[in-house]
There are 4 protein chains.
Amino acid sequence: MKLRVRAELVYRFDPPTDAIYKIQVAHWPGQDILEETLTFDPPVDFHEDEDVDFGARTLRCHVEGEVKLTYEAVVENGVLKGLPPSVSQHDWGELPAEVLPYLQPSRYCPSDQFGRFVTREFGDTAGGARVLAILNWITENVDYEHGVSDTETTAARTFIDRAGVCRDFTHLGMTLCRASGIPARAVSAFAHQLSPPDFHAIFEVWLDNGWWLVDPTGLAPVEGLVRIACGRDAADIAFLTTQERCQMVRQSVTVAEA
Amino acid sequence: MKLRVRAELVYRFDPPTDAIYKIQVAHWPGQDILEETLTFDPPVDFHEDEDVDFGARTLRCHVEGEVKLTYEAVVENGVLKGLPPSVSQHDWGELPAEVLPYLQPSRYCPSDQFGRFVTREFGDTAGGARVLAILNWITENVDYEHGVSDTETTAARTFIDRAGVCRDFTHLGMTLCRASGIPARAVSAFAHQLSPPDFHAIFEVWLDNGWWLVDPTGLAPVEGLVRIACGRDAADIAFLTTQERCQMVRQSVTVAEA
Amino acid sequence: MKLRVRAELVYRFDPPTDAIYKIQVAHWPGQDILEETLTFDPPVDFHEDEDVDFGARTLRCHVEGEVKLTYEAVVENGVLKGLPPSVSQHDWGELPAEVLPYLQPSRYCPSDQFGRFVTREFGDTAGGARVLAILNWITENVDYEHGVSDTETTAARTFIDRAGVCRDFTHLGMTLCRASGIPARAVSAFAHQLSPPDFHAIFEVWLDNGWWLVDPTGLAPVEGLVRIACGRDAADIAFLTTQERCQMVRQSVTVAEA
Amino acid sequence: MKLRVRAELVYRFDPPTDAIYKIQVAHWPGQDILEETLTFDPPVDFHEDEDVDFGARTLRCHVEGEVKLTYEAVVENGVLKGLPPSVSQHDWGELPAEVLPYLQPSRYCPSDQFGRFVTREFGDTAGGARVLAILNWITENVDYEHGVSDTETTAARTFIDRAGVCRDFTHLGMTLCRASGIPARAVSAFAHQLSPPDFHAIFEVWLDNGWWLVDPTGLAPVEGLVRIACGRDAADIAFLTTQERCQMVRQSVTVAEA
């Protein structure tokens with residue numbers, strides 16, 4: 001699917017601070033960037049890194065006062081398929097070494113606490129069927145609702161609250177997958193037909209020798225997802241991280257068929 | 001310093017399970033392995049990975065019943081220096097990209113909650129002096145005591161409890177460093193003159209373009225430390241991780257001058 | 001039912017400490033104490049209080065070294081009935097004022113977090129039927145298992161763990177009742193046919209102008225329960241609370257038909 | 001001191017809900033109510049209870065739509081003295097039985113976790129001197145700041161955050177007192193010269209056979225405090241508790257010399 005994505009972030013940085021932006025489309029195989037522009041207003045010195053594993057790009061800079069970052073790209077996001085239940089799960093011994101960290105608990109995903117629950121609730125499934133059962137359980141048991149969670153909310157709390165936003169759905173989904181022995185990592189994305197439009201948080205699971213992207217909120221069709229960055233949880237994939245506090249002035253994200 | 005390290009782990013795996021061992025000396029620059037043997041009794045098929053960044057080695061295997069793993073090595077661990085207070089701290093923009101994840105909070109290190117505390121308590125220091133002030137604060141405020149913490153204890157809890165073991169000291173130290181904008185990662189190690197002898201948990205901080213190893217417990221001299229594995233916190237550096245529960249039969253670790 | 005209850009507690013108090021024992025049968029209407037003896041060995045000066053509301057008795061004393069407390073009583077525990085589903089729930093305005101505190105969250109019962117869950121799961125029930133639905137949910141979803149929880153475990157954690165002992169079952173049951181607008185208080189008890197014999201933790205709910213005793217573990221028949229003390233949660237009903245740490249030497253509880 | 005206190009609470013109750021108000025001046029010995037009016041607009045049927053121990057009054061009613069409650073009173077609040085350091089602490093055995101619950105941890109005051117900290121930090125003090133040392137520590141280590149805490153914040157979190165509002169200061173103060181073996185209970189109050197004017201949360205400690213009122217924020221002079229209600233923590237003394245969510249339309253509190 002050919003998509004035009006655009007993000008405009010206007011923030012006030014007072015006091016001045018180091019900042020890390022992760023908003024560019026990743027150089028992921030099969031996800032081709034046809035056009036791309038990035039503008040800071042006023043101009044800011046930055047340098048960009050790209051990680052080897054995912055193709056995620058990180059912009060680092062020192063920012064001060066009100067700064068507008070505008071990013072626009074046209075992307076062919078490739079063929080993204082829904083996860084079939086038949087996709088098989090690996091023994092730990094078969095996993096690529098670089099996938100192992102995504103089995104471990106992280107700041108917002110205390111998967112070490114959910115072993116008994118996943119066995120009770122999903123014990124008769126494995127692989128793709130297990131992941132689909134987890135996604136289905138989340139759909140049936142958790143409300144998509146703003147104002148319940150905040151930036152500190154963990155999957156343990158969302159499991160109790162039974163409500164949250166895409167970040168919380170993703171944390172809970174990853175937690176239940178990792179507790180099931182399935183590697184899961186958080187992915188930030190542009191999402192076609194997400195309403196209201198915003199950056200989206202989804203995750204991918206490692207099954208049958210590859211990563212499969214899933215959206216635990218079910219809010220955006222998998223075909224219209226464009227990967228930005230990946231990591232263990234929201235701590236790694238925030239579109240903006242700063243050392244000092246900053247204030248959002250305005251922000252908009254749009255995704256349209258190109 | 002030339003050291004002979006030895007670890008003998010006897011565990012009962014019932015039910016059978018996938019297992020990950022991280023007990024071998026890392027292939028870290030300046031840390032030379034002169035001799036090395038590894039034996040499973042009964043023999044076990046395993047495969048070994050080595051990570052590019054740290055030289056840590058990971059053994060993966062499927063284990064069943066009682067299994068004894070014996071590891072022995074003679075190591076020249078190189079010249080390890082104590083951290084001088086004058087070592088400078090980097091702006092985020094100057095850090096190597098691969099170091100950035102160690103600024104983020106993790107399962108046992110909720111560094112996002114400690115910003116106000118570190119500014120209040122250590123606000124007039126930076127770089128090496130900040131890390132040394134943190135280590136000094138831990139020494140003065142936290143008791144080394146078994147039985148207070150368990151494998152789920154986070155640095156937030158240790159900060160309240162004011163007691164714990166090497167794992168807890170390391171989590172608290174890393175949490176306060178990350179909250180200070182200093183990358184910190186957990187390191188498992190063999191430690192000369194640690195009493196009683198055991199695997200040790202310490203951490204390293206990125207300052208002045210390099211990693212500096214520190215021991216927040218002060219229990220073992222830095223000169224006698226031998227790196228095994230590194231990661232975000234205890235979830236990544238456990239000497240043994242299994243999918244099913246297992247029972248320790250006996251375990252011993254020894255480190256002696258060779 | 002006429003029951004003979006007996007408790008023998010041998011503890012070592014080193015250092016000496018203030019202690020509070022709650023082990024005597026309560027002077028609860030309909031629960032008649034026919035015989036009763038209490039012995040400290042060595043003898044200890046203590047004084048006893050009885051609360052007006054429940055008839056619970058509290059022994060306070062200063063203890064030192066090894067102390068054996070033996071308590072024995074013959075009780076006619078009256079007619080205890082299982083809770084019928086038809087028993088009605090009160091509006092807050094109809095509740096006796098002294099019942100109101102048992103609607104609030106407490107140390108181990110964060111009922112303020114479970115409003116959405118109880119509405120989702122039990123929303124079509126009220127009163128006795130709601131309580132029975134909660135008890136049934138606990139039976140189906142939580143394993144009675146030692147070693148999962150400890151004295152700090154809250155109902156929020158048991159909700160995740162899906163396992164615990166009588167104390168945890170009681171905390172979770174009360175939490176879900178309070179979140180449902182039903183007053184619930186913890187009760188310590190002697191329990192006939194509890195296996196292995198021990199002090200038991202259960203709770204009672206205020207419905208249709210009275211307290212109804214329920215056992216969320218289902219381990220002991222309601223007919224054989226003998227009330228000791230009540231409170232908001234385990235913090236209030238512990239059989240022994242001390243200011244300094246103490247060590248159990250041995251302890252036994254027996255309940256038999258008299 | 002003769003004070004005129006006034007509170008006007010306008011809330012929207014949609015859906016209709018049971019509500020509990022605690023906003024009237026308590027019938028506490030030495031605190032004399034000279035005049036008093038209470039008006040609901042539109043009129044609401046309510047009934048009022050008064051607790052025996054503290055003289056706190058609780059209004060219960062069923063409310064619907066927008067409701068304005070206006071309360072006004074002229075009070076002679078008696079002679080309130082600052083706590084002298086020499087006031088002595090009781091052994092548990094000497095405490096009145098009704099004071100014992102205030103030694104226990106509660107929803108927002110996990111005093112069971114702070115035993116080691118209070119001994120380390122305040123170990124050489126007892127009684128009034130201990131409480132004053134705790135208040136002094138809070139003043140030196142915690143910032144009065146809105147926006148850091150919310151209605152779920154516990155004293156454990158405020159101990160880490162080092163910032164909060166009167167509710168948080170009170171929870172932390174009580175937690176450290178209870179961990180020190182000193183009974184402490186939360187008190188809601190009108191406070192003269194509190195800026196900005198609002199309901200205030202303070203606490204009292206039981207020392208030398210009486211309750212002593214203290215203000216851990218130091219924001220209002222003790223002479224100008226007027227007791228409303230008391231309880232284990234904020235869960236018990238909220239000025240408004242409702243079964244369904246409600247929205248504040250506007251609220252004002254004023255206290256002036258009469």
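About the criteria used
- Residues numbered from 1 in each chain as written.
- Chains lettered and ligands numbered in written order.
- Predicted model: local features only at pLDDT ≥ 70, side-chain atom pairs only at ≥ 80, totals over all residues.
- Heavy atoms only, no water.
- Helix = DSSP H or I, 4+ residues; strand = E, 2+ residues; numbered from the N terminus.
- Contact = heavy atoms within 4.5 Å.
- Areas by Shrake-Rupley, 256 points an atom, 1.4 Å probe, with all protein chains shown as cover.
- Lys, Arg positive; Asp, Glu negative; His and termini not counted.
- Charge placed at Lys NZ, Arg CZ, Asp CG, Glu CD.
- Buried area = accessible area lost by both parts, 1.4 Å probe.
- Salt bridge = Lys/Arg side-chain N within 4 Å of Asp/Glu carboxyl O.
- Polar contact = N/O pair within 3.5 Å; in protein donor to acceptor, adjacent residues only side chain to side chain.
- Nonpolar A, V, L, I, M, F, W, Y, C, P; charged D, E, K, R; others polar.
- Pairing = 2+ DSSP bridges.
- Axes fitted to C-alpha atoms, helices over the stretch in contact; angles between N-to-C directions.
- Expected span 1.5 Å × (residues − 1).
- Buried < 20%, exposed > 50% of the residue type's maximum accessible area, 1.4 Å probe, protein only.
- pLDDT = per-residue confidence, 0-100.
- Domains from an automatic or database assignment.
- Disulfide = S-S within 2.5 Å.
- Core = buried A, V, L, I, M, F, W, Y, C linked by side-chain atoms within 4.5 Å.

As named in an unreviewed UniProt entry, chain A is Transglutaminase family protein, taken from Brevundimonas vesicularis.

Caption draft 1: Focus on the overall build of chain A. In terms of regular secondary structure, chain A is built from five helices and 12 strands. Taken along the three principal axes of its C-alpha coordinates, chain A extends 55 × 35 × 35 Å. Partitioning the intrachain contacts of chain A with sequence separation of at least 6 by distance along the chain shows that 75% fall at a separation of at least 24. Here chain A displays about 9,900 Å² of accessible surface, and carbon together with sulfur accounts for 48% of that area. Both charge centroids of chain A, one from 22 positive and one from 39 negative side chains, sit 3 Å from each other.

Caption draft 2: View of the interface of chain B and chain A. In this complex, chain B contributes 34 residues to the contact, which on the side of chain A involves 34 residues. For the pair chain B and chain A, the summed buried surface comes to about 2,600 Å²; carbon and sulfur atoms form 49% of the total. Of all residues in chain B, Arg-60, Trp-92 and Arg-107 of chain B give up the largest surface area on contact with chain A, accounting jointly for 27% of the area buried on that side. Counting across the interface, chain B meets chain A through four salt bridges. Of the charged contacts, one joins Arg-107 of chain A and Asp-112 of chain B as a salt bridge, the two residues approaching to 2.9 Å between their closest N and O atoms. At the surface where chain B touches chain A, the tally comes to 12 residue pairs in polar contact (both at pLDDT 80 or more). When residues in the side of chain B that touches chain A are grouped by element, the largest group, three residues, is from strand β1 (residues 2-21) of chain B. A class-by-class count of the residues in the side of chain B that touches chain A yields 11 nonpolar, 11 polar and 12 charged.

Caption draft 3: Region of the structure containing the sheet that holds strand β10 (residues 225-231) of chain C. Residue and element names in this part refer to chain C. Here we have four strands laid out as an open sheet, ordered β9-β8-β7-β10, and antiparallel in their pairing. Only two strands of the sheet have a single partner each, and these edge strands are β9 (210-214) and β10. When the angles between neighbouring strand axes are averaged without regard to direction, this sheet yields 40 degrees. Relative to strand β8 (residues 200-207), strand β7 (residues 184-191) runs antiparallel, the two being bridged by six bridges. Paired with Ser-188 across the bridge in β8 is Ala-201. With respect to the sheet, helix α2 (residues 127-141) is in contact with β8 and β9, its orientation differing from that of β8 by roughly 155 degrees.

Caption draft 4: Looking closely at helix α4 (residues 166-179) of chain B. Residues and elements named next belong to chain B. The end-to-end C-alpha separation of α4 is 20 Å, in line with the 20 Å expected for 14 residues at 1.5 Å each. In terms of residue burial, α4 counts as a mostly covered element, since 13 of its 14 residues are buried. Positive phi appears at Gly-181, one or two residues downstream of α4, with a value of about 80 degrees.

Caption draft 5: Layout of the confidence of the model for chain A. Summary statistics for chain A give a mean pLDDT of 96 and a share of 100% for residues scoring 70 or more. For this predicted complex, the interface score ipTM comes out at 0.95, while the overall pTM is 0.96.

Caption draft 6: Broad picture of the pattern of salt bridges. The final tally for this structure, using the stated rule, is 72 salt bridges over all chains. Here Glu-204 of chain B makes a salt bridge to Arg-185 of chain B, at a shortest N to O gap of 2.8 Å. Of the two residues, Glu-204 of chain B sits in strand β8 (residues 200-207) while Arg-185 of chain B sits in strand β7 (residues 184-191), which places them 19 residues apart along the sequence. On the basis of relative accessible area, Glu-204 of chain B is assigned to the buried category, the value being 0%. Salt bridges sharing common partners tie together Arg-4, Arg-6, Glu-8, Glu-72 and Arg-250 of chain A.

Caption draft 7: Layout of helix α2 (residues 127-141) of chain A. In a regular helix each residue adds 1.5 Å, so 15 residues correspond to 21 Å; α2 of chain A covers 21 Å between its end C-alpha atoms and thus fits that length. Among the residues of α2 of chain A, Gly-127, Gly-128, Arg-130, Val-131, Ile-134, Leu-135, Trp-137, Ile-138 and Asn-141 of chain A are the ones counted as buried.

Caption draft 8: Focus on unusual backbone geometry. The omega torsion across Asp-14 of chain B and Pro-15 of chain B is 15 degrees, close enough to zero to call that bond cis. By secondary structure assignment, the location of Pro-15 of chain B is in strand β1. A cis amide bond, omega -5 degrees, links Ser-195 of chain D with the succeeding residue Pro-196 of chain D. Inspection of the secondary structure puts Pro-196 of chain D in the loop between β7 (184-191) and β8 (200-207). One non-glycine residue, Asn-209 of chain D, adopts positive backbone phi at about 65 degrees. Relative to the helices and strands, Asn-209 of chain D is located in the loop between β8 and β9 (210-214).

Caption draft 9: Spatial organisation of the environment of Tyr-11 of chain C. All names here are of chain C. Residue position: Tyr-11 is located in strand β1 (residues 2-21). Separated by 52 residues in sequence, Tyr-11 and Val-63 have C-alpha atoms that sit 9.7 Å apart. There is a polar contact of 2.5 Å between the side chain of Tyr-11 and the side chain of Gln-251.

Caption draft 10: A look at the domain arrangement of chain A. Residues and elements named next belong to chain A. Along its sequence, chain A is organised into domain 1 (1-76 + 237-255) and domain 2 (95-229). If you look at the interface, domain 1 gives 24 residues, while domain 2 gives 19 residues. Contact between domain 1 and domain 2 buries roughly 1,900 Å² in total, counting both sides, with carbon and sulfur atoms accounting for 72%. When the area that domain 1 buries against domain 2 is broken down by residue, the three leading residues are Phe-54, Ile-237 and Val-253, summing to 32%. At the boundary of domain 1 and domain 2, one finds one salt bridge. Close ionic contact of Arg-185 with Asp-53 constitutes a salt bridge, the shortest N to O distance being 3.3 Å. Summed over the shared surface of domain 1 and domain 2, the number is three residue pairs in polar contact (both at pLDDT 80 or more). At the level of elements, β1 (2-21), β4 (57-76) and β12 (247-257) are the ones that each hand at least two residues to the side of domain 1 that touches domain 2.

Caption draft 11: Looking closely at the state of the cysteines. One pass over the structure, following the stated rule, counts zero disulfides over all chains. With no disulfide partner, Cys-177 of chain C has as its closest neighbouring cysteine sulfur the one in Cys-109 of chain C, 10 Å distant. Overall, the relative accessible area of 0% leaves Cys-177 of chain C in the buried class. As a non-bridged cysteine, Cys-246 of chain D has Cys-61 of chain D as the owner of its nearest cysteine sulfur, 11 Å distant. Among the residues examined, Cys-246 of chain D registers a relative accessible area of 26% and is labelled partly exposed.

Caption draft 12: Highlighting the side chain of Arg-107 of chain C. Along the polypeptide, Arg-107 of chain C turns up in the loop between β4 (57-76) and α1 (115-122). Judged by its relative accessible area of 10%, Arg-107 of chain C is buried. Within the structure, the side chain of Arg-107 of chain C is placed 2.9 Å from the side chain of Asp-112 of chain D, a separation counted as a polar contact. Excluding residues within four positions of it along the chain, Arg-107 of chain C makes contact with Thr-154 and Asp-233 of chain C together with Pro-105, Ser-106, Arg-107, Pro-110, Asp-112 and Gln-113 of chain D.

Caption draft 13: Structural detail: the pairing of strand β9 (residues 210-214) of chain B. Residue and element names in this part refer to chain B. A large share of β9 lies buried, amounting to five of its five residues. Side chains Gly-210, Trp-212 and Val-214 project from β9 onto one buried face, and the interleaved Trp-211 and Leu-213 project onto a second face that is buried too. Sheet topology places β8 next to β9; five bridges connect them, and they run antiparallel. Within β9, the position partnered with Leu-207 by the bridge is Gly-210.

Caption draft 14: Just the sheet that holds strand β9 (residues 210-214) of chain A, in detail. Residues and elements named next belong to chain A. Pairing in this open sheet of four strands is antiparallel, and the strands run β9-β8-β7-β10 from one edge to the other. The open sheet has two edge strands, β9 and β10 (225-231), and neither has a second partner. Across the sheet, the axes of successive neighbouring strands diverge by a mean angle of 40 degrees, strand direction being ignored. Strands in contact with α2 are β8 (200-207) and β9; relative to β8, the strand with the most contacts, it is inclined by about 155 degrees. Here helix α4 (residues 166-179) sits on the sheet in contact with β7 (184-191) and β8, set at roughly 15 degrees to β8.

Caption draft 15: A look at the nonpolar core. Core analysis: the largest hydrophobic core is formed by 166 residues, its most contacted members being Tyr-21 and Phe-190 of chain B together with Tyr-21 and Phe-190 of chain D. Excluding anything up to four places from it in sequence, Tyr-21 of chain B contacts Leu-9, Phe-13, Phe-40, Arg-57, Thr-58, Leu-59, Cys-61, Val-67, Leu-69, Phe-239 and Leu-240 of chain B. By size, the runner-up hydrophobic cluster in this structure holds 114 residues, among which are Ala-56, Val-99, Ile-202 and Val-214 of chain A.

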